[in-house]
Amino acid sequence: MKRQYHMEMQSILYKLPKNPPPKLLLHSCCGPCSTAVLESLTPHFEILLYYYNPCIAPQAEFDRRLETQKQLLAQLNPVHPITLVVPPYDFQQYLQAVGDAINTPEGGERCRRCIAQRMNDAAQAALQYHCDYFTTTLSVSPHKNASYINECGELLAGEWGIPFLPSDFKKQGGYARSVALSHSYGLYRQDYCGCPNSLKEAEVRRLQHIPAQNSNSDK
């Protein structure tokens, strides 16, 4: 039977202490994807929002998405504090992570290595910042494999000794909610995942006038 990660998360949330709340490191792939995720998690956690995405190219795009993330945080009134942490941009880290899978198809080995690298860094940061859990916004996208993301998180939890919060944030209308909140906050929504390969695909779609919602966007 297929695991229901969103239900597993709800079971954990139900049992969490209220005062003080536990501390969660939430890896954020972008501002729009973090909207509904933050809405669902801030009642339960103090959140360290970890914007770590060396896959994004060019750096101007990385910076634009970071500003969008900050724009969102400036408009929120969370139940518990949210602290933004942004490691320095280093595209070489992405290239080293994907290695010889650089030209594999979207959703394949290149993407798996990229996800694993970002989540591994997030798990280490969770230890560094003395968090009680870590997780990622990545599963809010209908283009991302939630089973792989959760399996990766559980492996890293065992490796680094920091609990992983299981999730499938797209479920129960989570993705639709993220789209609606992005519009209500006036956020920039990118039309490609982030890496140069996905940018090339987006440029083809633009020339062919294919709507972004049918693309592999929103990481």
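Scope of this entry: the structure provided in the associated data block. (Residues numbered from 1 in each chain as written. Predicted model: local features only at pLDDT ≥ 70, side-chain atom pairs only at ≥ 80, totals over all residues. Heavy atoms only, no water.)

### Describing the overall build of the chain
For step 1, the next point in the chain: Regarding its fold elements, the chain presents eight helices and four strands.
For step 2, the next point in the chain: Overall, the chain shows an N-to-C arrangement of helices and strands of α-β-α-β-α-β-α-α-β-α-α-α.
For step 3, the next point in the chain: Overall size of the chain, expressed as C-alpha extent along the three principal axes, is 55 × 40 × 40 Å.
For step 4, the next point in the chain: Of all 219 residues assigned to the chain, the portion counted as buried reaches 51%.
For step 5, the next point in the chain: The contacts of the chain with a sequence gap of at least 6 include a subset with a gap of at least 24, amounting to 75%.
For step 6, the next point in the chain: Put simply, the chain shows about 10,200 Å² of open surface, and 54% of that area lies on carbon and sulfur atoms.
For step 7, the next point in the chain: Computed over 21 positive and 20 negative side-chain charges, the inter-centroid distance for the chain is 4 Å. (Helix = DSSP H or I, 4+ residues; strand = E, 2+ residues; numbered from the N terminus. Buried < 20%, exposed > 50% of the residue type's maximum accessible area, 1.4 Å probe, protein only. Contact = heavy atoms within 4.5 Å. Areas by Shrake-Rupley, 256 points an atom, 1.4 Å probe, with all protein chains shown as cover. Lys, Arg positive; Asp, Glu negative; His and termini not counted. Charge placed at Lys NZ, Arg CZ, Asp CG, Glu CD.)

### What to know about the packing of aromatic side chains
For step 1, the next point in the chain: Counting across every chain of the model gives six aromatic pairs.
For step 2, the next point in the chain: When the centroid spacing of 5.1 Å and the interplanar angle of 55 degrees are considered together, the rings of Tyr 51 and Phe 62 count as tilted. Within this pair, whereas Tyr 51 is found in the loop between β2 (46–50) and α3 (59–75), its partner Phe 62 is found in helix α3, the two being separated by eleven residues in sequence.
For step 3, the next point in the chain: An aromatic cluster is present here, built from Tyr 51, Phe 62 and Tyr 89 joined pairwise through their rings.
For step 4, the next point in the chain: Cation over ring: Arg 64 sits above Tyr 188, and NZ or CZ is 3.6 Å from the ring centre. (Phe/Tyr/Trp six-rings, centres within 6.5 Å; stacked < 30°, edge-to-face > 60°. Lys NZ or Arg CZ within 6 Å of the ring centre and 35° of its normal.)

### Quick notes on the environment of Ala 123
For step 1, the next point in the chain: With respect to the secondary-structure elements, Ala 123 resides in helix α5 (residues 109–128).
For step 2, the next point in the chain: According to the relative accessible area criterion, Ala 123 is buried, its value standing at 0%.
For step 3, the next point in the chain: As for Ala 123 and Asn 53, which are separated by 70 residues in sequence, their C-alpha atoms are 14 Å apart.
For step 4, the next point in the chain: Once you skip the residues sitting within four places of it in the chain, Ala 123 turns out to touch Phe 134, Leu 156, Trp 160 and Ile 162.

### Side note on unusual backbone geometry
For step 1, the next point in the chain: A cis geometry characterises the amide bond from Asn 19 onward to Pro 20, with omega recorded as 0 degrees.
For step 2, the next point in the chain: Note that the residue after Ala 57, namely Pro 58, is joined by a cis bond; omega there is -5 degrees.
For step 3, the next point in the chain: Locating Pro 58 in the fold gives a position in the loop between β2 and α3.
For step 4, the next point in the chain: Positive phi is not limited to glycine here, since His 130 has a value of about 55 degrees.

### Focus: the sheet that holds strand β1 (residues 23–27)
Within a sheet, adjacent strands bond to each other through the backbone by hydrogen bonds, running parallel or antiparallel.
For step 1, the next point in the chain: Here we have four strands laid out as an open sheet, ordered β3-β2-β1-β4, and parallel in their pairing. At either margin of the open sheet sits one strand with a lone partner, and together these are β3 (82–85) and β4 (133–136). Each adjacent strand pair in this sheet contributes to an overall mean axis angle of 25 degrees, direction not counted.
For step 2, the next point in the chain: Pairing of β2 with β3, which is carried by four bridges, proceeds in the parallel orientation. What sits directly across from Leu 49, in β3, is Leu 84.
For step 3, the next point in the chain: Lying over the sheet, α3 contacts β2 and β3, oriented at roughly 170 degrees with respect to β3. (Pairing = 2+ DSSP bridges. Axes fitted to C-alpha atoms, helices over the stretch in contact; angles between N-to-C directions.)

### Notes on the pairing of β4
For step 1, the next point in the chain: The alternating pattern of β4 places Tyr 133 and Thr 135 and Phe 134 and Thr 136 on opposite faces, both of which are buried.
For step 2, the next point in the chain: Two strands pair when backbone bridges link them, and β1 and β4 are joined in this way by four bridges, in the parallel orientation. Pairing of Leu 25 across the sheet is with Phe 134, part of β4.

### Comments concerning the packing of helix α2 (residues 31–41) against helix α7 (residues 174–185)
For step 1, the next point in the chain: The N-to-C vectors of α2 and α7 enclose an angle of 110 degrees; their axes lie 8 Å apart at closest approach. By the criterion of interaxial angle, the relationship of α2 to α7 is roughly perpendicular. Here α2 and α7 pass one another in a crossing that is right-handed. Along the contact surface, α2 presents Pro 32, Thr 35, Ala 36 and Glu 39, while α7 presents Gly 174, Arg 177, Ser 178, Leu 181, Ser 182 and Tyr 185.
For step 2, the next point in the chain: Of the residues assigned to the contact of α2 with α7, the class counts are four nonpolar, four polar and two charged. (Parallel < 35°, antiparallel > 145°, perpendicular 65-115°, else oblique. Left-handed = near helix turned anticlockwise from the far one by under 90°. Nonpolar A, V, L, I, M, F, W, Y, C, P; charged D, E, K, R; others polar.)

Fair warning: the whole summary comes from geometry, so function is off the table for now.
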